[in-house]
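# Overview (structure and organization)
The lines below spell out each chain.
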Amino acid sequence: MIDSFAGRTVEMARRALSTHFGNGSIESAELDARILVGAALGLDLTGMIAAANRHLTSEEAARLENFARRRLDGEPVARILGTREFWGLPLKLSAATLVPRPDTETVVELALEMLRAAPRPHQPLRIADIGTGSGAILLALLSELPDAFGVGTDISEDALQTARSNAVGLKLVDRTGFVACDYAAALSGPFGLIVSNPPYIRSAEIAGLATEVSGHDPHAALDGGMDGLDAYRALIPQAARLLAPAGVLVVEVGQGQSADIEGFMTASGLTLPVPAKADLAGIRRAVVGRQLPP
């Protein structure tokens, strides 16, 4: 039960909300409270400090109470706000997109490492992001590669609208294209780089995930089939056919899946130039395969 925030000062509301979240077993109680108070009042951290002794208006109190109930029901802060930062870029979210997570930045890191380790031909780099969702991986790469052009695919038209909106907001839309299709089925190569964060959770394990994920991320973006590997069986052979000579494919994988994914890559004729890259938790999170040079 959330007490009314009406009549409380900004600092009192923040403290009370942090306590509510802590009692609700939210690990990031203090941070979430600060972010949501700031969002409800339209204040950044400096503004919150300056307004610490100001009393909330009735509209602000009602907005904060709504945020608090949603968070206590397990809705992630990013869903409540409708935005999430990824690779330092602000991204809009929708019901059709995953919340981009820091683990996925490992894919961006490995892709950039592979590109910088090998000289590229003079023609502009073409990138494909398979199952682009909010466009997080594609737009992060384009922000680092000013001469590149990227295409994002998704089976969801709503997800593609979100990705396109993010490209517009980041002023990258002139270097992007978005295509509705199943994985890479509608694409024509060659691409120098293909990336993907496909669904890789085993179907039977989805219900046991944190409510923030199982109750709010789109099911289709999570469900990797009985063994979690269905998406890779489809997209890796497609991607291998679309890669330019010496082009690379980088995919995100779940815990314990890297060896299977490497097997799929070699079976599709790709070489494994470097070991899988671990995320900050030490999980082998990004796997890379390279098309043989001519």
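Every value quoted in this text rests on a predicted model; they were computed, and no experiment measured them. (Residues numbered from 1 in each chain as written. Predicted model: local features only at pLDDT ≥ 70, side-chain atom pairs only at ≥ 80, totals over all residues. Heavy atoms only, no water.)

### What to know about the sheet that holds strand E7 (residues 243–252)
Our working definition: Two strands pair if DSSP finds at least two bridges between them. Put simply, DSSP marks the helices as runs of H or I at least four residues long and the strands as runs of E at least two long, and each gets a number from the N terminus on. Any two residues whose heavy atoms approach within 4.5 Å at even a single point are treated as in contact. For helices, the fitted axis covers only the stretch in contact; all axes are lines through C-alpha atoms, and the angles between them, taken along N-to-C directions, range from 0 to 180 degrees.
In spatial order, the strands read E5-E4-E3-E6-E7-E9-E8; together these seven strands make up an open sheet with mixed pairing. Sheet topology places strand E5 (176–180) and strand E8 (277–278) at the edges, where each strand pairs with a single neighbour. In this sheet, strand E4 (residues 149–154) lies alongside strand E3 (residues 126–130) in parallel orientation, the contact comprising five bridges. In the strand pairing of E4, Arg 126 is matched with Phe 149. Across the face of the sheet, helix H6 (residues 105–117) comes into contact with strand E6 (191–196), E7, E8 and strand E9 (284–290) while running at roughly 35° to E9.

### Looking at the environment of Gly 289
For clarity, the cut-off: Here's how the labels work: a residue is buried when its accessible area is under 20% of the maximum for its type, exposed when over 50%, partly exposed in between, all with a 1.4 Å probe on protein chains only.
As for its placement among the helices and strands, Gly 289 is situated in strand E9. For Gly 289, a relative accessible area of 0% translates into the label buried. Not counting the four nearest positions on each side in its chain, Gly 289 is found in contact with Gly 247, Val 248, Leu 249, Met 265, Leu 270, Thr 271 and Pro 273.

### A few points about the packing of aromatic side chains
What counts here: Pairing of aromatic side chains here covers Phe, Tyr and the six-membered ring of Trp, requires ring centres within 6.5 Å, and sorts the geometry by plane angle: under 30 degrees stacked, over 60 edge-to-face, intermediate tilted. Look at NZ for Lys and CZ for Arg. If either is within 6 Å of the ring centre and within 35 degrees of the ring normal, a charge sits over the ring.
Inspection of the entire model under this criterion finds zero aromatic pairs. Positioned over the ring face of Phe 191 is Arg 126, at 4.2 Å from the centre of the ring.

### Topic: the nonpolar core
Note the threshold: We define a nonpolar core as any set of buried Ala, Val, Leu, Ile, Met, Phe, Trp, Tyr and Cys residues linked to one another through side-chain atoms lying within 4.5 Å.
With 33 residues, the main nonpolar core has Ile 127, Leu 141, Leu 145, Leu 193, Val 195 and Val 250 as its most contacted residues. Those residues in contact with Val 250 that lie beyond four places of it in its chain are Val 107, Leu 110, Ala 111, Leu 193, Ile 194, Val 195, Ser 196, Ala 286, Val 287 and Val 288. Judged by nonpolar contacts, the second largest core, of 30 residues, contains Ile 201, Val 213, Leu 229 and Ile 261.

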